[in-house]
Amino acid sequence: MSGPPSSVLASLRPCVFLDRDGTIIADPGYLRDPALVVLLHGAGPAIARLNRAGLPVIVVTNQSGISRGLLTEAEYRSVAARLEQLLAPFGARIDATYHCPHAPERDGPCSCRKPGLRLFERAATEHGLDLAASWWVGDRLSDVLPASAVGGAGLVVETGEGPSHSEAAHTAGFGVVSGLEAAATHILSATQPR
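Residues numbered from 1 in each chain as written. Predicted model: local features only at pLDDT ≥ 70, side-chain atom pairs only at ≥ 80, totals over all residues. Heavy atoms only, no water.

Quick notes on helix H2 (residues 43-52)
Because an α-helix completes one turn every 3.6 residues, residues spaced three or four positions apart along the sequence face the same direction. Counting buried positions along H2 yields 7 of 10 residues, so the element is predominantly enclosed. Within the span of H2, buried status applies to Ala43, Gly44, Ala46, Ile47, Ala48, Leu50 and Asn51. In the core, the buried residues of H2 are packed alongside strand E1 (16-18), strand E2 (57-62), helix H3 (73-87) and helix H8 (180-190). Positive backbone phi, approximately 85°, marks glycine 54, located one or two places after H2. (Buried < 20%, exposed > 50% of the residue type's maximum accessible area, 1.4 Å probe, protein only. Helix = DSSP H or I, 4+ residues; strand = E, 2+ residues; numbered from the N terminus. Contact = heavy atoms within 4.5 Å.)

Here it is, written out as structure tokens:
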């Protein structure tokens, strides 16, 4: 069986998949109050640079607190809306957001919890993305491991939980950078948007 026509492949775009907590915003744990959303230093300008370069910015986040009863879907959406508000003054936007609400100890294994690929594959289908040409950025190894499965590239940021994951990231062949600003610089120097 042949793959997609070359015209379809030519129309696919690379993107940047970002983790949310500890990567874009401070992570107080099971964030449910929009008033507590705090952008990490440089996150707004970094996302704006990616936007200007024509790279879709897509957030994929594990939110097991929903299954654990520590926050509701409505509270999750309120936090996501507050994040959009905080990014707007920088001219920054998130093109799409996907989340896994499952907790492994309550729901068992699922294909949408990172490092599972389900949400990334869904994003690729819905937004015409070339996963093999895309970037994964997060503060945990599980945030970037999907890159290995699809031929993409990953960077672990040393914000949030990053310092405790940097050695494992190096061992697994991923780059480690100080934060989202450094990640954007690295990505933009290595990527030629189509």
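A short note on the packing of H2 against H8
Running from amino to carboxyl end, H2 crosses H8 at an angle of 20°, the nearest separation of the two axes being 8 Å. Our classification of the angle between H2 and H8 gives roughly parallel. Taken as a pair, H2 and H8 cross one another with a handedness that is left-handed. Side by side, H2 and H8 meet where Ala43, Ala46, Ile47, Arg49 and Leu50 of the first sit next to Leu180, Glu181, Ala184, Thr185, Ile187 and Leu188 of the second. Its residues assigned to classes, the contact of H2 with H8 shows 8 nonpolar, 1 polar and 2 charged. (Axes fitted to C-alpha atoms, helices over the stretch in contact; angles between N-to-C directions. Parallel < 35°, antiparallel > 145°, perpendicular 65-115°, else oblique. Left-handed = near helix turned anticlockwise from the far one by under 90°. Nonpolar A, V, L, I, M, F, W, Y, C, P; charged D, E, K, R; others polar.)

Let's talk about the sheet that holds E2
If you walk across this open sheet you meet the 6 strands as E3-E2-E1-E4-E5-E6, and the pairing is parallel. Two strands lie at the open edges of the sheet, namely strand E3 (96-100) and strand E6 (175-177), each paired on one side alone. For this sheet, the mean angle separating the axes of adjacent strands, direction not counted, is 25°. Note that E2 and E3 share 5 bridges and pair parallel. Bridging from a neighbouring strand, valine 59 pairs with threonine 97 of E3. Where H8 meets the sheet, its contacts fall on E1, strand E4 (135-138), strand E5 (153-157) and E6, and the angle it forms with E4 comes to roughly 170°. (Pairing = 2+ DSSP bridges.)

Regarding the pattern of salt bridges
Per the counting criterion, the structure on display carries 7 salt bridges. We note a salt bridge from arginine 20 to aspartate 21, for which the minimum N-O separation is 2.6 Å. Each member of the pair arginine 20 and aspartate 21 is classed as buried. For the salt bridge of arginine 32 with glutamate 75, the shortest nitrogen-to-oxygen distance reads 2.9 Å. Of this pair, arginine 32 sits in the loop between E1 and H2 while glutamate 75 is found in helix H3, placing the two residues 43 residues apart along the sequence. A single salt-bridge network, built from bridges that share partners, covers Asp19, Lys114 and Asp143. (Salt bridge = Lys/Arg side-chain N within 4 Å of Asp/Glu carboxyl O.)

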